[in-house]
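Residues per chain, in single letters:
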Amino acid sequence: MYKTTVEVGGMACGMCEAHVNDAVRKALGNVKKVSSSHSKKRTEIISDAPVDEDKLRKAITDTGYDVGKISSVPYEKKRLFGLF
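Residues numbered from 1 in each chain as written. Predicted model: local features only at pLDDT ≥ 70, side-chain atom pairs only at ≥ 80, totals over all residues. Heavy atoms only, no water.

A. Spatial organisation of the sheet that holds strand S1 (residues 2-9). Spatial ordering of the open sheet is given by S2-S3-S1-S4, a layout of four strands whose pairing is antiparallel. Edge strands, defined here as strands with exactly one partner in the open sheet, are strand S2 (31-37) and strand S4 (66-74). Put simply, the sheet's adjacent strands are angled 15° from each other on average, direction ignored. Where S1 and S4 come together, seven bridges link them in antiparallel fashion. When the sheet's bridge partners are listed, Val6 is paired in S4 with Ile70. The sheet contacts of helix H2 (residues 53-62) involve S1, strand S3 (42-47) and S4, and relative to S4 the element is tilted by about 145°. (Pairing = 2+ DSSP bridges. Helix = DSSP H or I, 4+ residues; strand = E, 2+ residues; numbered from the N terminus. Axes fitted to C-alpha atoms, helices over the stretch in contact; angles between N-to-C directions. Contact = heavy atoms within 4.5 Å.)

Structure, rendered in structure tokens:
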């Protein structure tokens, strides 16, 4: 799995976060989780495979927001006390 972090400018409220999340889900098929924060000015995506950065950038900019740096790292789901 992969965690992709996107700097997103122009989000001002929870509705803006929802618009970005919906756009990302529609544009990318392999998304497990999407969360945006207008206060942190970023969106985090958990996916099975690396995301297509061009599709991601286009989906967010087409929604009316600015896209800055995009970074992706391997992601491993956190385990509760090593039991699961």
